[in-house]
Amino acid sequence: MPSPTQRALARVPAGLRPFLVKHRRLVKFLLVGGTCFALTTVINFSLKFTVLQHKPVVALTIATVVATAVSYVLNRQWSFRANGRQREVLLFLLVSVVAIGVNDIPLILSRYVLDLREPQVGAFTQEVADFLSGMVVGTFIAMLFRYWAMQRWVFRPRADPLATRVEQPARAR
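Residues numbered from 1 in each chain as written. Predicted model: local features only at pLDDT ≥ 70, side-chain atom pairs only at ≥ 80, totals over all residues. Heavy atoms only, no water.

Draft legend 1. Examining the packing of aromatic side chains more closely. As enumerated under the stated definition, the model contains 6 aromatic pairs in all. Ring geometry for Phe45 and Phe49: centres 5.6 Å apart, planes at 15 degrees, overall stacked. Here Phe45 falls in the partly exposed class, since its relative accessible area comes to 27%. Note on Phe49: relative accessible area 48%, which makes it partly exposed. For the ring pair Phe45 and Phe131, a centre distance of 6.1 Å and an interplane angle of 15 degrees mean the geometry is stacked. Of this pair, Phe45 sits in helix H3 (residues 24–48) while Phe131 sits in helix H6 (residues 123–154), and the two are 86 residues apart along the sequence. A relative accessible area of 27% places Phe131 in the partly exposed class. Taken together, the ring pairs in this structure connect Phe45, Phe49 and Phe131 into an aromatic cluster. (Phe/Tyr/Trp six-rings, centres within 6.5 Å; stacked < 30°, edge-to-face > 60°. Buried < 20%, exposed > 50% of the residue type's maximum accessible area, 1.4 Å probe, protein only. Helix = DSSP H or I, 4+ residues; strand = E, 2+ residues; numbered from the N terminus.)

Draft legend 2. Expanded view of empty space enclosed by the protein. Under the defined criterion, the tally for this structure stands at 1 cavity of 30 Å³ or more. Roughly 30 Å³ of internal volume is contained in the largest cavity. Sorting the residues of the lining of the largest cavity by element identifies H3, helix H4 (56–79) and H6 as the ones contributing at least two each. When residues in the lining of the largest cavity are grouped by element, the largest group, 3 residues, is from H6. Looking at the lining of the largest cavity residue by residue, the class counts come to 4 nonpolar, 2 polar and 2 charged. (1 Å grid on protein atoms, 1.4 Å probe; cavity = no way out; pocket = protein on both sides within 12 Å on 5 of 7 lines; lining within 4 Å. Points joined across faces, edges and corners; volume = space filled by probe spheres on them. Nonpolar A, V, L, I, M, F, W, Y, C, P; charged D, E, K, R; others polar.)

Draft legend 3. Examining the layout of surface pockets more closely. Space inside the largest pocket adds up to approximately 310 Å³. In terms of lining, the largest pocket is formed by 18 residues, of which the most central are Gly33, Cys36, Phe37, Thr139 and Arg146. Within the residue set of the lining of the largest pocket, elements represented by two or more residues are H3, H4 and H6. Considering only residue class, the lining of the largest pocket consists of 8 nonpolar, 9 polar and 1 charged. In this structure, the second largest pocket occupies an estimated 260 Å³ of space. Thr5, Ala8, Leu9, Val12, Leu20, Val21, Arg24, Val27, Lys28, Leu31 and Trp78 are the residues that line the second largest pocket. Those elements that place two or more of their residues in the lining of the second largest pocket are helix H1 (4–10), helix H2 (17–22) and H3. Ranked by the residues each element gives to the lining of the second largest pocket, the list is headed by H3, at 4 residues.

Draft legend 4. Spatial organisation of H3. In a regular helix each residue adds 1.5 Å, so 25 residues correspond to 36 Å; H3 covers 35 Å between its end C-alpha atoms and thus fits that length. Within the span of H3, buried status applies to Lys28, Phe29, Val32, Cys36, Thr40, Thr41, Ile43, Asn44, Leu47 and Lys48. (Expected span 1.5 Å × (residues − 1).)

Draft legend 5. Region of interest: the pattern of salt bridges. Inspection of every chain in the model, using the stated rule, returns 4 salt bridges. Across the pair Lys48 and Asp130 runs a salt bridge, and its minimum N-O distance is 2.7 Å. Residue Lys48 is found in helix H3, and its partner Asp130 is found in helix H6; the two are separated by 82 residues along the sequence. Taking the relative accessible area as the measure of exposure, Lys48 reaches 6% and is therefore buried. Asp130 sits in the buried class, given a relative accessible area of 3%. Put simply, Arg111 and Asp130 hold a salt bridge, and the shortest N to O gap is 2.7 Å. Of this pair, Arg111 sits in helix H5 (residues 88–113) while Asp130 sits in helix H6; the two residues are 19 residues apart in sequence, bridging distant segments of the chain. The buried category is assigned to Arg111, whose relative accessible area is 7%. Taken together, the shared-partner salt bridges in this structure form one network comprising Lys48, Arg111, Glu127 and Asp130. (Salt bridge = Lys/Arg side-chain N within 4 Å of Asp/Glu carboxyl O.)

The analysis is restricted to geometry; functional conclusions fall outside its scope.
Rendered as structure tokens:
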């Protein structure tokens, strides 16, 4: 019985399959990212249009934190399939805190530096500016940072102790 990945690849045009297989880690990372983007969007709008109407940066930050927790589980179990290191969770949290800040910066600039908020602009313009700056630009920049940082520091494969062992020269008797 073919795996879900094999079934999905069977539906992809033949010319594209080698590229997807070669860059499967990136493809998986992007699929996890797309799922978490949708989750972030739903949570962000839910908070922003209910309990956090006047705090869009807080709403985006909370939504991003929740999606980051989901992202950790999905990336760990599927995208990177790490062997597990004791420092992994701490490194993931550090990278994620920086990425959340990176994600918030465009929204902060849009709202409070460019002043794209009511009453300077209409409600629709404010919401479009918030979505484009926080959800699109912020998420894109944070995604690039996360992918680079996760590969570099968090989900690194364990070194094979047999491969790193230096052969000891035979002692002369």
